[in-house]
Amino acid sequence: MTATAASAMKTSATATLSRERTDLLETLAKHRGFLRYAVRNLTDEQARLTPTASALSLGGLVKHVSAGERGWADFIVRGAVAQELTPEKYAEFAADFVLAEHETLEGVLEAYEAVAAATDDLIRTVDLDADHALPEAPWFESGARWSNRRVLAHILAETAQHAGHADIIRETIDGQKTMG
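Predicted, not measured: the structure shown is a model, and the values here were computed from it. (Residues numbered from 1 in each chain as written. Predicted model: local features only at pLDDT ≥ 70, side-chain atom pairs only at ≥ 80, totals over all residues. Heavy atoms only, no water.)

## Re the pattern of salt bridges
Under the criterion given, the structure shown has twelve salt bridges. Linking Arg149 and Glu20 is a salt bridge whose minimum nitrogen-to-oxygen distance equals 2.4 Å. Of the two residues, Arg149 is situated in helix α7 (residues 148–174) and Glu20 in helix α2 (residues 19–38); the sequence distance between them amounts to 129 residues. Between Asp74 and Arg78 there is a salt bridge whose closest N-O contact spans 2.8 Å. Here Asp74 and its partner Arg78 are both found in helix α4 (residues 58–78), four residues apart, which amounts to about one turn of the helix. Since its relative accessible area comes to 25%, Asp74 is described here as partly exposed. By relative accessible area, Arg78 is classed as partly exposed at 45%. Taken together, the salt bridges that share partners define one network made up of Glu20, Asp129 and Arg149. (Salt bridge = Lys/Arg side-chain N within 4 Å of Asp/Glu carboxyl O. Helix = DSSP H or I, 4+ residues; strand = E, 2+ residues; numbered from the N terminus. Buried < 20%, exposed > 50% of the residue type's maximum accessible area, 1.4 Å probe, protein only.)

## Overview of the packing of α2 against α7
α7 packs onto α2 with a crossing angle of 20 degrees between their chain directions and a minimal axis gap of 8 Å. By the angle class used here, α2 and α7 are roughly parallel. In this structure, the crossing between α2 and α7 has a hand that is left-handed. Across the interface between the two elements, Glu20, Leu24, Thr27, Leu28, His31, Arg32, Phe34, Leu35, Tyr37 and Ala38 from α2 touch Arg149, Leu152, Ile155, Leu156, Thr159, Ala160, His162, Ala163, Ala166, Asp167 and Arg170 from α7. Per-class residue counts for the contact of α2 with α7 are twelve nonpolar, four polar and five charged. (Axes fitted to C-alpha atoms, helices over the stretch in contact; angles between N-to-C directions. Parallel < 35°, antiparallel > 145°, perpendicular 65-115°, else oblique. Left-handed = near helix turned anticlockwise from the far one by under 90°. Contact = heavy atoms within 4.5 Å. Nonpolar A, V, L, I, M, F, W, Y, C, P; charged D, E, K, R; others polar.)

## Section: α7
The terminal C-alpha atoms of α7, which comprises 27 residues, lie 39 Å apart, in line with the 39 Å expected from a rise of 1.5 Å per residue. Those residues of α7 that sit buried are Asn148, Val151, Leu152, Ile155, Leu156, Thr159, His162, Ala163, Ala166, Asp167, Ile169 and Arg170. Buried residues along α7 sit against α2, α4, α6 (105–125), β1 (131–133) and β2 (145–147). Phi turns positive, to about 85 degrees, at Gly175, one or two residues after α7. (Expected span 1.5 Å × (residues − 1).)

Pasting the structure below:
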């Protein structure tokens, strides 16, 4: 598909949406693009490197952002049960920061594309004012509720923050930068 065709499809898909929904879709796409750009042309081995003081790798960041977005989108659909942290879910959460030997960067990017498409569908259709109680957790205020709008803003903030992390890691690996 040409860039012009993709742009026309994007324009057509967002033409009937509110400005708020269009802004959410476009801004989230921009920051997802920064994350994808940070991992372009890397080998799986490079995507597993942890060259900074942190234990983060580029492949692990893509997996983590994808899993986080999937989990929060599930929260929009199912409520607090989607965010409950059982011992099994905690182990999955920890594994989401690592590109395992049996995984490929291409594979986690493909999974991320599917998650992004599902979230974009939610942005187009969900009641942004509907809310859910957050699960009991030390990092959430007791009794707090988040609207779908706030959840989407959280997904956007997490994506942007981790795209910045990815940019730093990539620059450490080979000097490539997203901006500048």
